[in-house]
Amino acid sequence: MEPQTDTPALSVILPAKNEAAALAPLLDHLRQAQPQAQIIVVDDGSTDDTPAICAAAGVQCLSSPYSMGNGAAIKRGARAANGEIIVFMDADGQHDPALIERLLARLAEGYDMVVGARDWSGQAGVGRGLANTLYNWLASKMTGHAVLDLTSGFRAVRADKFREFLHLLPNGFSYPTTCTMAFFRSAYTVAYEPIPVAPRVGKSHIRPLKDGIRFLLIIFKIATLYSPLKLFVPVAAAFFLTGLGYYGYTYVTIHRFTNMSTLLFSAAVIIFLIGLISEQITALTYRRDV
């Protein structure tokens, strides 16, 4: 009989797009740190020699003929992973493979997902740091739990639970935000492990102007993924109070109930009803038939 082990099988997934400069040394360090792990590099339409580097390192490479986005790479890697635990990490050299053990140790305490949390020094610029601080604050308010790093790409998850939410993950940016809020919504336990982050090798794929709109959409996505009413009720209340205040003003000044007050009251009711519908849709999205 084969010896039994309590150590769950591990898969490490690295989405990569033109990260050849960092990939070769990273794969070498990763193999040394986790010699038994299944390593999957998901080549998201790279135009460099990423496939050749993977072949030389003896790791599995899932190549795409064109770029489908970071989230699509994560989903492809998760479907191909054999491990009971999946570790996601960036391929740009920011994450030290030796830190995987810290994530796994926290996961062994009974958590379903452990996220490597960056401090301010690990943020890619002041703008990104301020944006991530805002996201963390909003997510903490929405969930009632301390969210230390909503957008970190370095995390360890239980594979069966993560795959429940593959259909929710976007093909493009912000998969960490989506899966984090999905875990909280489904009452899966999440922990944060402080980690240092090295400067990335090569040029970042983030484009401030174009991706700024995507970052703004993340704010709304955070709310709608967890509890839409927490977003819609305050907005509806703001419209209602504005309409009430304006009615008070017009009643005193011209002794009339104006069309503007009617419009504001109607908008408040419509927004509230949309919130109720969104809440029901969200509940159905996370429904599990067991």
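Predicted model only: the values in this text are computed from it and were never measured.

Let's shift gears to the packing of helix H9 (residues 229-253) against helix H10 (residues 259-285). One way to put it is that H9 packs onto H10 with a least axis distance of 8 Å and a crossing angle of 165°. Judged by the inter-axis angle, H9 sits roughly antiparallel to H10. Crossing hand, H9 versus H10: left-handed. Within the contact of H9 with H10, the residues separate by chemical class into 19 nonpolar, 6 polar and 1 charged.

Counting across every chain of the model gives 10 aromatic pairs. Here the aromatic residues Phe240, Tyr247, Tyr251, Phe257 and Phe265 are joined through ring pairs into a cluster of three or more. Across the ring face of Tyr188, the terminal group of Lys161 is positioned such that the distance to the ring centre comes to 5.4 Å.

Mapped onto the elements of the fold, Lys161 is located in helix H6 (residues 159-163). For Lys161, a relative accessible area of 18% puts it in the buried group.

Turning our eyes to something else, we now look at the environment of Leu229. Within the secondary structure, Leu229 sits in helix H9. Note: C-alpha distance between Leu229 and Ser278 (49 residues apart in sequence) is 7.7 Å.

Turning to the confidence of the model for the chain, a few remarks are in order. The predicted model of the chain has a mean per-residue pLDDT of 85, with 86% of residues at 70 or higher. Predicted confidence is poor over residues 1-5, with pLDDT under 50, and the contacts of this stretch with residues over four places away or in other chains come to 0 contacts.

It is worth spelling out the state of the cysteines at this point. Here, the word disulfide means a covalent bond between the sulfur atoms of two cysteines. The final tally for this structure, using the stated rule, is 0 disulfides. No disulfide involves Cys54; its nearest neighbouring cysteine sulfur is the one of Cys61, lying 3.9 Å away.

Quick look at the pairing of strand S5 (residues 113-117) now. Counted residue by residue, S5 has 5 buried out of 5 residues, so it is predominantly covered. As paired elements, S5 and strand S6 (residues 155-158) share 3 bridges and run antiparallel to each other. Counted as the bridge partner of Met113 is Val157 from S6.

To continue, consider the pattern of salt bridges. Note on pairing: side chains with opposite charge can pair once their charged atoms come close. For the structure shown, the criterion picks out 7 salt bridges. For Arg158, the salt bridge is made with Asp112, and the minimal N-O distance between the two is 3.8 Å. You can see Arg158 sitting in strand S6 and its partner Asp112 sitting in the loop between helix H4 (100-107) and S5, a full 46 residues away along the chain. Assessed through its relative accessible area of 23%, Arg158 is described here as partly exposed. Two residues, Asp149 and Arg118, come together in a salt bridge whose shortest N-O distance is 2.7 Å. Taken as a pair, Asp149 in the loop between helix H5 (126-143) and S6 and Arg118 in the loop between S5 and H5 lie far apart in primary sequence, 31 residues in all. Here Asp149 falls in the buried class, since its relative accessible area comes to 1%.

Together, Val233, Val269, Phe272, Leu273 and Leu276 line one region of the surface with nonpolar side chains, adding up to about 390 Å² of accessible area. Examining the composition of the nonpolar patch, we find that 4 residues originate from one element, H10, more than from any other. Checked against the element boundaries, Val269 lands in helix H10.

This next bit is on unusual backbone geometry. Trans is the common state for peptide bonds, and a negative phi is the common state for residues other than glycine. At Asn18, a residue that is not glycine, the phi angle is positive and equals roughly 55°. By secondary structure assignment, the location of Asn18 is in the loop between strand S1 (10-16) and helix H1 (20-33). Here Asn18 falls in the partly exposed class, since its relative accessible area comes to 32%. Notably, His255 is not glycine yet its phi reads approximately 55°, a positive angle. The residue His255 is located in the loop between H9 and H10 in this model.

Time to look at the sheet that holds strand S2 (residues 38-43). Within a sheet, adjacent strands bond to each other through the backbone by hydrogen bonds, running parallel or antiparallel. On the basis of which strands lie adjacent, the open sheet formed by 7 strands has the order S3-S2-S1-S4-S6-S5-S7 and mixed pairing. In this open sheet, the two edge strands, each paired with only one partner strand, are strand S3 (60-63) and strand S7 (190-194). The average angle at which neighbouring strand axes cross in this sheet is 20°, direction not considered. Pairing of strand S4 (residues 85-88) with S6 involves 4 bridges; the strand directions are antiparallel. Directly across from Val87, in S6, lies its bridge partner Ala156. Across the face of the sheet, helix H2 (residues 50-57) comes into contact with S2 and S3 while running at roughly 170° to S2.

Conventions adopted
- Residues numbered from 1 in each chain as written.
- Predicted model: local features only at pLDDT ≥ 70, side-chain atom pairs only at ≥ 80, totals over all residues.
- Heavy atoms only, no water.
- Axes fitted to C-alpha atoms, helices over the stretch in contact; angles between N-to-C directions.
- Helix = DSSP H or I, 4+ residues; strand = E, 2+ residues; numbered from the N terminus.
- Parallel < 35°, antiparallel > 145°, perpendicular 65-115°, else oblique.
- Left-handed = near helix turned anticlockwise from the far one by under 90°.
- Nonpolar A, V, L, I, M, F, W, Y, C, P; charged D, E, K, R; others polar.
- Phe/Tyr/Trp six-rings, centres within 6.5 Å; stacked < 30°, edge-to-face > 60°.
- Lys NZ or Arg CZ within 6 Å of the ring centre and 35° of its normal.
- Buried < 20%, exposed > 50% of the residue type's maximum accessible area, 1.4 Å probe, protein only.
- pLDDT = per-residue confidence, 0-100.
- Contact = heavy atoms within 4.5 Å.
- Disulfide = S-S within 2.5 Å.
- Pairing = 2+ DSSP bridges.
- Salt bridge = Lys/Arg side-chain N within 4 Å of Asp/Glu carboxyl O.
- Patch = residues over 30% accessible without salt bridge, like charges linked within 9 Å, V, L, I, M, F, W, Y side chains within 5 Å.
- Areas by Shrake-Rupley, 256 points an atom, 1.4 Å probe, with all protein chains shown as cover.

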